[in-house]
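Structure at a glance
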Amino acid sequence: MEMVEWTAWVIEALALGFVFLIGIAMAVALVLFVIDRIQTEDAIRRNYPVIGRFRHIFTELGEFFRQYFFAMDREELPFNRAQRDWVKRASDGKGNTVAFGSTRNIGVPGTPLFVNAAFPPLDQQAAKTEPLIIGPGTREPYVAPSIFNLSGMSYGAISKPAVQALSRGCKEAGVWMNTGEGGLSPYHLEGGCDVVFQIGTAKFGVRDEAGNLSDAKLKEVAAHPEVKMFELKLAQGAKPGKGGILPAAKVNKEIAEIRGLNVGQAGISPNRHADASNVDELLDLIGRIRDVTGKPVGIKTVGGAEEPFLDLFEAIARRGVDSAPDFITIDGGEGGTGAAPMPLIDLVGMSIRESLPMISGLRDAAGLKGRIRLIASGKLVNPGDVAWALAAGADFVTSARGFMFSLGCIQALKCNKNTCPTGITTHDKRFQKGLVVEDKWRKVARYAEGIVNEVEIIAHSVGVTEPRQMRRRHVRLVQADGRSISMHLVHPRPEYARRTAAE
Ligand SMILES: Cc1cc2nc3c(=O)[nH]c(=O)nc-3n(C[C@H](O)[C@H](O)[C@H](O)COP(=O)(O)O)c2cc1C
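Residues numbered from 1 in each chain as written. Predicted model: local features only at pLDDT ≥ 70, side-chain atom pairs only at ≥ 80, totals over all residues. Heavy atoms only, no water.

**As for the overall build of the protein chain**
Of the regular secondary structure elements, the protein chain holds 18 helices and 15 strands. Seen through its principal axes, the protein chain has C-alpha atoms that stretch 100 × 60 × 45 Å. Looking at the protein chain as a whole, 49% of its 503 residues qualify as buried. Sequence-distant contacts, at least 24 apart, represent 67% of the contacts inside the protein chain between residues at least 6 apart. Total accessible area on the protein chain stands at roughly 24100 Å², and carbon and sulfur atoms take up 59% of it. Averaged over its 61 positive side-chain charges, the protein chain has a centre that lies 1 Å from the centre of its 56 negative ones. (Helix = DSSP H or I, 4+ residues; strand = E, 2+ residues; numbered from the N terminus. Buried < 20%, exposed > 50% of the residue type's maximum accessible area, 1.4 Å probe, protein only. Contact = heavy atoms within 4.5 Å. Areas by Shrake-Rupley, 256 points an atom, 1.4 Å probe, with all protein chains shown as cover. Lys, Arg positive; Asp, Glu negative; His and termini not counted. Charge placed at Lys NZ, Arg CZ, Asp CG, Glu CD.)

Below is the structure:
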């Protein structure tokens, strides 16, 4: 065939193809037009057939466009890009120095500013974290090495490779791993890290046939040398007053076995422990678990008001300090979750920024500072957040989502759907392929080490030699008028605590 003829033939074929495609597109548009006009569910599509569909598409895509192109570094929620990037750089082992100047607007009310020492200790006296004992009166007290540890996320809410990578990373960094309320899986133990076993309201992993707390099961769990402490979960910040929710899609065979559920049956926990309806019953329950296991026992809850804590501390005064929980974990209302109803996630429970100073003040006022350790959580994922919490009165800080970021979480907000694109909160093997344990455990470790290292840098800068020596007077909080006021004046300790502890 001649070259000219051949070219004409190609052009003709292309033209025909084009006309054919236009025809198909018009036919599809016509079908969609009819569907949209007939349907009654969506007013926009009914009134604006076909075109109305773009609204839905753009709304979906907007989420991604905002994150990548439009949102400023400090804008997004729950975590902005600057917070996430810090975790990423720390996890990758890249230097965490930045250039030119801060992108943080330090005029925002509530911003904590650390008070630099006029004469900080010399470099050779750099601040170093000391281990701290929890539950000194128990048969097996726990000497906790790190100020920063992993908060509870159950195997079920998060995937097998996520638990495996966290377990190995926690071991490497010397931090504890909290199991969350889904029981103890072999993957928690795999890395050999210290484990805090959480007892949720459904008592997964330590319940008998009837769903009650079983002493025999408690002993079995306590027999693992890795299990160092037990945490009775009363509430978590994202959903106070509501029990754990494990969506049915996430309950596979193995998880069903560990929890005592049927495959595909949602794991809905009761909204409180049936056997603890007041502070005395709570202290009885704590005492029972401690007697049976011999290990420190604490509670996890959310600050809502002073009264419940005053009641608790009064009951301890009445019954004797031995009856006290060995630790209290305070979760902030800003805490995360695998799944929670929106009104609870948005509006119930105090922020850790307010509840921690309040509760640490009440604890100290009750003379229980050395007896009950305080653990704080709630968006404390960067060094400045952790240092603030220590200065406000926490003995330890834990994080869940900070560690999720170290595993590669992109804040897709799909933890409740079994479609997490990074494999962290899904049991779909297709997505789990992306989470390579061999690579991720190192990132987990580097993140925890990076936090501790930079909290020590802040401690050194304010002039103390151990991060827990930071006090409220070492932090100033920016006020609405732009001035900053020392945290010990914004959150004064109760009278007794002021006489016994330096501000
Ligand atoms: C996916 C996911 C699962 C969680 N599961 C539990 C749980 O089983 N028990 C619990 O007490 N808290 C659970 N939490 C709450 C965290 O332990 C933590 O208290 C809260 O997220 C605040 O810490 P963060 O802001 O560093 O994430 C979960 C959080 C997330 C994100």
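Following the structure, the description resumes.
**Focus: the site of the ligand**
Inspection of the region around the ligand gives 23 residues, with Ser151, Gly152, Lys379, Ser399 and Arg401 positioned closest. Side-chain polar atom of Ser151 to an oxygen atom of the ligand: 2.7 Å apart, as the coordinates give it. In the model, an oxygen atom of the ligand is placed 2.7 Å from a nitrogen or oxygen of the Gly152 main chain. Summarising the interface, the protein chains cover 98% of the accessible area of the ligand, which totals 610 Å² for the free molecule. Here the shell around the ligand is composed, by residue class, of four nonpolar, 13 polar and six charged. (Near = heavy atom within 4 Å. Polar contact = N/O pair within 3.5 Å; in protein donor to acceptor, adjacent residues only side chain to side chain. Nonpolar A, V, L, I, M, F, W, Y, C, P; charged D, E, K, R; others polar.)

**Observations concerning the packing of helix 4 (residues 81–91) against helix 16 (residues 437–462)**
Packing of helix 4 against helix 16 brings their axes to within 7 Å, and their N-to-C directions diverge by 110°. When the axis of helix 4 is compared with that of helix 16, the two are roughly perpendicular. Of the two possible hands of crossing, helix 4 and helix 16 adopt the one that is right-handed. Where helix 4 approaches helix 16, its residues Trp86, Val87, Ala90 and Ser91 are matched on the opposing element by Lys443, Arg446, Tyr447, Gly450, Ile451 and Glu454. Along the lines of polarity and charge, the residues of the contact of helix 4 with helix 16 split into five nonpolar, two polar and three charged. (Axes fitted to C-alpha atoms, helices over the stretch in contact; angles between N-to-C directions. Parallel < 35°, antiparallel > 145°, perpendicular 65-115°, else oblique. Left-handed = near helix turned anticlockwise from the far one by under 90°.)

**Remarks on the pattern of salt bridges**
This structure, assessed with the given rule, holds 25 salt bridges. Across the pair Lys88 and Asp92 runs a salt bridge whose closest N-O atoms are separated by 2.7 Å. Here Arg363 makes a salt bridge to Asp364, at a shortest N to O gap of 2.9 Å. On the accessibility criterion, Asp364 (4% relative accessible area) is buried. Through salt bridges with shared partners, a single network forms among Lys88, Asp92, Lys94 and Lys443. (Salt bridge = Lys/Arg side-chain N within 4 Å of Asp/Glu carboxyl O.)

**Details of the packing of aromatic side chains**
The tally for this structure, following the rule as stated, stands at twelve aromatic pairs. Where Phe69 meets Phe70, the ring centres are 6.3 Å apart and the plane angle is 65°; that geometry is what we call edge-to-face. Classification of Phe70 by relative accessible area gives exposed; the value is 60%. With 5.1 Å between their ring centres and 80° between their planes, Phe403 and Tyr447 make a pair best called edge-to-face. With Phe403 in helix 14 (residues 401–406) and Tyr447 in helix 16, this pair connects stretches of sequence that are 44 residues apart. The class of Phe403 is buried, set by a relative accessible area of 0%. Exposure remark for Tyr447: the relative accessible area of 0% places this residue in the buried category. (Phe/Tyr/Trp six-rings, centres within 6.5 Å; stacked < 30°, edge-to-face > 60°.)

**Points about the pairing of strand 13 (residues 396–399)**
Regular strands place side chains that alternate from one sheet face to the opposite one. Every second residue of strand 13 is oriented toward a common face, with Phe396 and Thr398 on one face and Val397 and Ser399 on the other, all of them buried. In terms of strand pairing, strand 12 (residues 373–377) meets strand 13 through two bridges, oriented parallel. Across the sheet, the residue bridging to Ala376 is Val397, located in strand 13. (Pairing = 2+ DSSP bridges.)

**Here we look at the sheet that holds strand 14 (residues 475–478)**
Overall, antiparallel pairing links the three strands, which are arranged 1-14-15 in an open sheet. The sheet is open, and its two borders are formed by strand 1 (112–114) and strand 15 (484–486), each paired with just one other strand. Each adjacent strand pair in this sheet contributes to an overall mean axis angle of 35°, direction not counted. Strand direction decides the pairing type here: strand 14 and strand 15, joined by three bridges, are antiparallel. Bridge assignment links Leu477 to a residue of strand 15, and that residue is Ile485.

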